[in-house]
Amino acid sequence: MSLFKARDWWSTVLGEKEEFDQGCLCLADIDNTGNGQDKIIVGSFMGYLRIFNPHPVKTGDGTQAEDLLLEVHLRDPILQVEVGKFVSGTEMLHLAVLHSRKLCVYSISGTLGNVEHGNQYQIKLMYEHNLQRTACNMTYGSFGGVKGRDLICIQSMDGMLMVFEQESYAFGRFLPGSLLPGPLAYSSRTDSFITVSSCRQVESYKYQVLAFATDADKRQETEQQKLGSGKRLVVDWTLNIGEQALDICIVSFNQSASSVFVLGERNFFCLKDNGQIRFMKKLDCSPSCFLPYCSVSEGTTNTLIGNHNNMLHIYQDVTLKWATQLPHIPVAVRVGCLHDLKGVIVTLSDDGHLQCSYLGTDPSLFQAPKVESRELHYDELDTELKELQKIIKDVNKSQGIWPMTEREDDLKVSAMVSPNFDSVSQATDVEVGTDLVPSVTVKVTLQNRLALQKAKLSVYVQPPLVLTCDQFTFEFMAPEMSRTVSFSVYLKGSYTPPQLEGNAVVSYSRPSDRNPDGIPRVIQCKFRLPLKLICLPGQPSKTASHKLTIDTNKSPVSLLSLFPGFANQSEDDQVNVMGFHFLGGSRVTLLASKTSQRYRIQSEQFEDLWLITNELIIRLQEYFEKQGIKDFACSFSGSMPLQEYFELIDHHFELRINGEKLEELLSERAVQFRAIQRRLLTRFKDKTPAPLQHLDTLLDGTYKQVIALADAVEENQDNLFQSFAKLRSATQLVILLIGLWQKLSPDQVAILEAAFLPLQQDTQELVRTHKPAVVTAIIIDKSVVLGRSHMAIMFSKGWEETVDAAISHLLKTCLSKSSKEQALNLSSQLNMPKDTSRLKKHITLLCDRLAKGGRLCLSTDAAAPQTMVLPGGCTTIPESDLEERSIEQDSAELFTNHKHLIVETPMPEVSPLQGVSE
């Protein structure tokens, strides 16, 4: 055992049961920071690529979470990693990864982090080359004397050298007499490749000779070369070393001289540029790896040689200067500058032990003092643990997950909507079929207590409502400062928005002592737009297809006092009837009973009932609050209009199916169009012109079909957007009626809203369509209700499959009767269903279980058997599929109305063109 051990500065173990070799380790400033700090790049035969930047707190510490900058699985085994200027047009460093059948060049970049978690690193594929032969190793350099870029040479297992000029393949040459590949290196001073052949001799080939030799499209014998077909590949010089080589390294510390170092199985050679031996050293142990590096003595070179005795020897030319013990057998060794520490020795073993060490002789004389043993009282520890858990639980219940008070103290956001319309309407480019479209001004005020950075205000309203300006940026806000911004809101589309509520979200950074750049925070403020912005007074209608009746416990209120801005009295001066005319064209009538405490809302469209019903309830509550009456309540006792709701679901789902079919047809026609273009291009490039055979006519017809399909896709997307807005209005109406019907608490209504309205817009990628601050606020609101695991599902799929998963979760947790139903199996991947029958069955079952005593809650005891019953009693909740089917039949009569709507969306007739393939 050696006294001189390698001083462990940082170490880690890579993966489990992974294998590594001498080409799997590289040190370089791969993220191009320019500060001279190297990063450790490691690739394995299992295909894992890892990049480390060690920052040990004290010498000998293991790896920390922040030390691993990047870890990615490239699937194919990694034979070698190198860093150089491999991308044209730039001199930035890029990473070349050699697989057995592929060469990939990646760009590694880092994004500055805002908190103490550090930076974020990404890997991006710049280009790749698929190899026709199995690769063995590679080398790189400025072949042919090029400046500012590096070329790559790959040696295959059958002795072929393939040269790549960055993104393009240059040529391939077979080495004469090659049987097995050997180590390969490039000498920039002589512009030649040096390898060790299976004849156990060192061979040097000039790059110019390789470039002008016979092309190696297929392996040919030298007999054809002797006949004069092309130039013969001639070796520059050879040297017989009598043993197989493990590695070759070219060292050139000055322009006057360079050396070729060859590590054999038993000897170590140093050669001149012309192949003459400068010196050689017989080794006592079997070597495993080596690395020549610069020496402090002029004219000499130091060399690190690792062997199979867990030793690392340092030679100055042929003199052994140092020997140190390693904890493993190194297969690769490098020297670099890590964390401002120069000369760190990095070693890698074949089983993944990665260690950064330095040389030293200071012995570890410190011994930890003995700790006085004492008896452990487990009962006292259990009591203390329970008290701490109780304190933690009470704190979480009282304060919540997010420290709201501290956040609100930093910044206060308030919004004020003007009571009058703008004198000059700001509505431009509207699609509403009326000449006068009003606009209203909204003012948002920001008041901060502390200094804030990068404050960004994002405002969101429900389409087709639009804003004149939806984003405002404040680079810096001094303490005790107030900022006010104004913008206008108006209706642009020809349909009714599902909500009149807007949301103002402010994302900002608050500097702290630990993080001067600031900690990102988000705060939001909601505001309500006036009904008269989208609605005008209209004539009441006596007949309508859809009607709803809302019961109250107080005497009816005059509609003129509830809706003073919509006074349009008829000839008989009735005050209990009022008409509303939406700017989109639909009409709604509101009637107040003279004798009973009821209000009726009726319209030709089911979804148009939502806004007026919601506005009526809100204004009634405000009216009685002003009167000092606190026991006002609304209820709904009619039949639940599920049939009308299901028709809107079917229409929305049919448009989704139609959109997928149109996109598939468009993709097929695009492929066909490109195929015809390629054929025409081939005809036009031909030196002997050939007849077009009506390819130009075929191209023109395909082009017209592509344009028609693109227009159809765009039209279907507009229809889908409008259909989802109507579906949202109908969904909110159904939630409101269920809440009034079962007298649900606000928390229970919030659970229903989170289940039925997980998406703000009907899109496959919600995060891309919203402002980041708005999306953050939505996630905060919804995650409180359904949890983080369901949010990943909601923001990736459409409305039908998302709502079906959420309702299934409620049916199997808080609305379940026994523990058999509690086995929830929600996969993270939701697929578009074939039809909406399952969703409609689950909605019907949800209403039935609520009618029979089920209640919505999010506690862990939610799945306990329900004991609450409504007046009149209830039957048992069914558990089997047969009972669900019977419920579906019974509930169809219990919760439905009488009107049926059938909506069909025609597909554009496009006939495929025959005779054209890819």
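Here the residue index of a chain counts from 1 through its sequence in written order. Only residues with pLDDT of at least 70 get local features here, since the model is predicted, and only at 80 or more are side-chain atom pairs given and counted; chain-wide, interface and lining totals rely on the full set of residues. Working from all heavy atoms in the structure, the side-chain values ignore hydrogens and water.

J.: I would appreciate a short explanation of the overall build of the protein chain in the present structure.
T.: Helix numbers and strand numbers start at the N terminus; a helix is a DSSP run of H or I with at least 4 residues, a strand a run of E with at least 2. Secondary structure summary: the protein chain contains 15 helices and 42 strands in total. Relative accessibility thresholds used throughout: buried, under 20% of the residue-type maximum; exposed, over 50%; partly exposed, between the two (1.4 Å probe, protein chains only). Split into buried and exposed, the 918 residues of the protein chain put 45% on the buried side. By definition, residues are in contact when any of their heavy atoms lie within 4.5 Å. Across the protein chain, the fraction of contacts at a sequence separation of at least 24, relative to all contacts at a separation of at least 6, is 63%. Residue exposure ignores everything except the shown protein chains as possible cover, and the areas themselves are Shrake-Rupley values with a 1.4 Å probe. Entry remark: accessible area of the protein chain is about 47800 Å², with carbon and sulfur atoms responsible for 51%.

J.: Please clarify how helix H14 (residues 837-851) should be interpreted in this entry.
T.: An α-helical turn contains 3.6 residues, so a residue and the one three or four places further along point in the same direction. Each helix should span, by expectation, one fewer than its residue count multiplied by 1.5 Å. With 15 residues, H14 extends 21 Å between its outermost C-alpha atoms, agreeing within 8% with the 21 Å of an ideal straight helix rising 1.5 Å per residue. Here H14 has its buried residues at Leu839, His842, Ile843, Thr844, Leu845, Leu846, Cys847, Asp848, Arg849 and Leu850. Following H14 by one or two positions, Gly853 adopts a phi angle in the positive range, close to 110 degrees.

J.: Mind showing me how you'd approach the side chain of Gln462 here?
T.: Along the polypeptide, Gln462 turns up in the loop between strand S31 (452-460) and strand S32 (465-467). The class for Gln462 is buried, based on a relative accessible area of 4%. Within the structure, the side chain of Gln462 is placed 2.7 Å from the side chain of Arg728, a separation counted as a polar contact. Here a polar contact is recorded for every N or O atom pair within 3.5 Å, except that within protein the pair must consist of a potential hydrogen donor and a potential acceptor, and residues adjacent in sequence are included only if both atoms are side-chain atoms.

J.: Hey, could you run me through the sheet that holds strand S29 (residues 411-421) in this one?
T.: Two orientations exist for strands paired in a sheet by backbone hydrogen bonds: parallel and antiparallel. Strands qualify as paired when DSSP identifies two bridges or more between them. A sheet is described by the order of its strands in space; here 4 strands give the open sequence S29-S30-S34-S32, paired in antiparallel fashion. Of all strands in the sheet, those with a lone pairing partner are S29 and S32, marking the two edges. Each neighbouring strand pair of the sheet contributes to a mean axis angle of 25 degrees, computed without reference to strand direction. In this sheet, strand S34 (residues 481-491) lies alongside S32 in antiparallel orientation, the contact comprising 3 bridges. Bridge assignment links Val466 to a residue of S34, and that residue is Tyr490. Axis angles are defined between N-to-C directions and span 0 to 180 degrees, where every axis is a line fitted to C-alpha atoms and, for a helix, only to the segment in contact.

J.: Whenever I open this one, a nonpolar patch on the surface confuses me. Can you help?
T.: A surface patch of nonpolar side chains, amounting to about 340 Å² of accessible area, comprises Leu376, Tyr378 and Leu381. Within the secondary structure, Leu376 is located in the loop between strand S28 (353-358) and helix H3 (378-399). Residue Leu376 is classed as exposed on the basis of its relative accessible area of 51%. Grouping into patches uses exposed residues only, defined as over 30% relative accessible area, and leaves out salt-bridged ones; the cut-off is 9 Å for like charges and 5 Å for nonpolar side chains (Val, Leu, Ile, Met, Phe, Trp, Tyr). What counts as a salt bridge is simple: a side-chain nitrogen of Lys or Arg found within 4 Å of a carboxyl oxygen of Asp or Glu.

J.: Looking at this structure, how should I read the packing of helix H6 (residues 609-626) against helix H8 (residues 695-742)?
T.: Each packed pair of helices is defined by two parameters, the angle between the axes and the distance between the axes. Packing of H6 against H8 brings their axes to within 8 Å, and their N-to-C directions diverge by 40 degrees. The angle between H6 and H8 places the two elements in the oblique class. Viewed along their axes, H6 and H8 form a crossing whose handedness is left-handed. Counting all contacts with H6, which are made through Leu609, Trp610, Thr613, Asn614 and Ile617, the residues of H8 involved are Ser729, Gln732, Leu733, Leu736 and Leu740. Note on residue categories: nonpolar means Ala, Val, Leu, Ile, Met, Phe, Trp, Tyr, Cys or Pro, charged means Asp, Glu, Lys or Arg, and polar means any other residue, Gly included. Here the residues of the contact of H6 with H8 sort into 6 nonpolar, 4 polar and no charged. The cut-offs work like this: below 35 degrees is roughly parallel, past 145 is roughly antiparallel, 65 to 115 is roughly perpendicular, and the gaps in between are oblique. Crossing handedness is read from the near helix: turned anticlockwise from the far helix by less than a right angle, it gives a left-handed crossing, and turned clockwise, a right-handed one.

J.: Please clarify how the pairing of strand S21 (residues 277-282) should be interpreted in this entry.
T.: Remark: a regular strand shows side chains that alternate across the two faces of the sheet. Both strand S20 (residues 267-271) and S21 contribute to a ladder of 5 bridges, which runs antiparallel. Within S21, the residue paired with Leu271 across the bridge is Ile277. Joining the antiparallel neighbours S20 and S21 is a turn of 5 residues, in which Gly275 adopts a positive phi near 95 degrees.

J.: Quick question: what am I supposed to make of the environment of Leu536 here?
T.: In this structure, Leu536 sits in strand S37 (residues 535-538). As for Leu536 and Ala567, which are separated by 31 residues in sequence, their C-alpha atoms are 10.0 Å apart.

J.: Please explain the packing of H8 against H14 as it appears in this structure.
T.: In the contact formed by H8 and H14, the axes pass within 11 Å of each other and the chain directions differ by 20 degrees. In terms of their interaxial angle, H8 and H14 are classed as roughly parallel. In the packing of H8 onto H14, the handedness of the crossing is right-handed. In contact with Ile738, Trp741 and Gln742 of H8, H14 contributes Cys847, Leu850 and Ala851.

J.: Looking at this model, I keep getting lost on the nonpolar core. Mind explaining?
T.: For soluble globular proteins, the rule of thumb is that nonpolar side chains tend to be buried together. Leu457, Leu529, Tyr645 and Phe756 are the most contacted members of the largest nonpolar core, which has 97 residues in total. Per-element accounting of this core gives the leading share, 10 residues, to H8. With sequence-adjacent residues up to four places away left out, Leu457 is seen in contact with Val444, Leu446, Asp470, Gln471, Phe472, Phe474, Val485, Ala504, Val505 and Val506. Counting residues in each nonpolar core, the second largest holds 18 residues, with Ala28, Leu70, Leu95 and Tyr121 among its members. Residue types Ala, Val, Leu, Ile, Met, Phe, Trp, Tyr and Cys, when buried and joined through side-chain atoms within 4.5 Å, form a set referred to as a nonpolar core.

J.: What's the story with the side chain of Asp31 in this structure? I'm lost.
T.: Positionally, Asp31 belongs in the loop between strand S2 (25-28) and strand S3 (39-43). A polar side-chain atom of Asp31 sits 3.2 Å from a polar atom in the side chain of Lys39. Excluding anything up to four places from it in sequence, Asp31 contacts Lys39, Ile108 and Tyr121.

J.: Could you clarify how one ought to interpret the pattern of salt bridges in this entry?
T.: Side chains that differ in charge, positive against negative, can pair when their charged atoms come close. On inspection of all chains with the given rule, the structure shows 21 salt bridges. The residue Asp551 makes a salt bridge to Arg598 at a minimum N-O spacing of 3.1 Å. Taken together, the residues span a long stretch of sequence, with Asp551 in strand S38 (residues 546-552) and Arg598 in strand S41 (residues 598-603) at a distance of 47 residues. For Asp551, a relative accessible area of 11% gives the class buried.

J.: Looking at this model, I keep getting lost on the sheet that holds S3. Mind explaining?
T.: Reading across from one edge, S2-S3-S4-S5 is the order of the 4 strands in this open sheet, with antiparallel pairing throughout. Because the sheet does not close on itself, it has two edges, and the strands there are S2 and strand S5 (68-73). Each adjacent strand pair in this sheet contributes to an overall mean axis angle of 15 degrees, direction not counted. In this sheet, S3 lies alongside S2 in antiparallel orientation, the contact comprising 4 bridges. Within S3, the position partnered with Leu27 by the bridge is Ile40.

J.: How should the confidence of the model for the protein chain be read in this particular structure?
T.: Do not read the predicted coordinates in detail wherever pLDDT is low. Every residue is assigned a pLDDT by the predictor, reflecting its confidence on a scale from 0 to 100. Of all residues in the protein chain, 80% attain a pLDDT of 70 or more, and the chain-wide mean is 80. Residue range residues 764-796 is modelled with pLDDT below 50. Its contacts to residues more than four positions away, or to other chains, number 61 contacts. Ignoring residues within four places in sequence, the model shows residues 860-918, a span with pLDDT below 50, making 109 contacts including any to other chains.

J.: Help me out: how do you make sense of helix H13 (residues 799-812) in this one?
T.: A rise of 1.5 Å per residue sets the reference length of H13, with its 14 residues, at 20 Å; its end C-alpha atoms lie 20 Å apart and thus fit the reference within 8%. The buried count for H13 comes to 13 of 14 residues, which makes it a mostly enclosed element.

J.: Explain the pairing of strand S24 (residues 311-316) to me, please; I cannot follow it from the model alone.
T.: Most of S24 is tucked away, with 6 of its 6 residues classed as buried. Side chains Met311, His313 and Tyr315 of S24 all project onto a buried face; the interleaved residues Leu312, Ile314 and Gln316 project onto the opposite face, where all are buried too. Here strand S23 (residues 301-307) folds back onto S24 in antiparallel fashion, the turn holding 3 residues, of which Asn310 has a positive phi close to 60 degrees. Bridge count for S24 against strand S25 (residues 319-325) is 6 bridges, and the pairing is antiparallel. What sits directly across from Ile314, in S25, is Trp322. Counted along the chain from S24 to the antiparallel partner S25, the turn is 2 residues long, and its residue Asp317 has a positive phi close to 60 degrees.

J.: Which parts of the structure should I look at to understand unusual backbone geometry?
T.: Cis geometry is adopted by the peptide bond preceding Pro464, which originates at Pro463 and carries an omega value of 10 degrees. At Asn32, a residue that is not glycine, the phi angle is positive and equals roughly 55 degrees.

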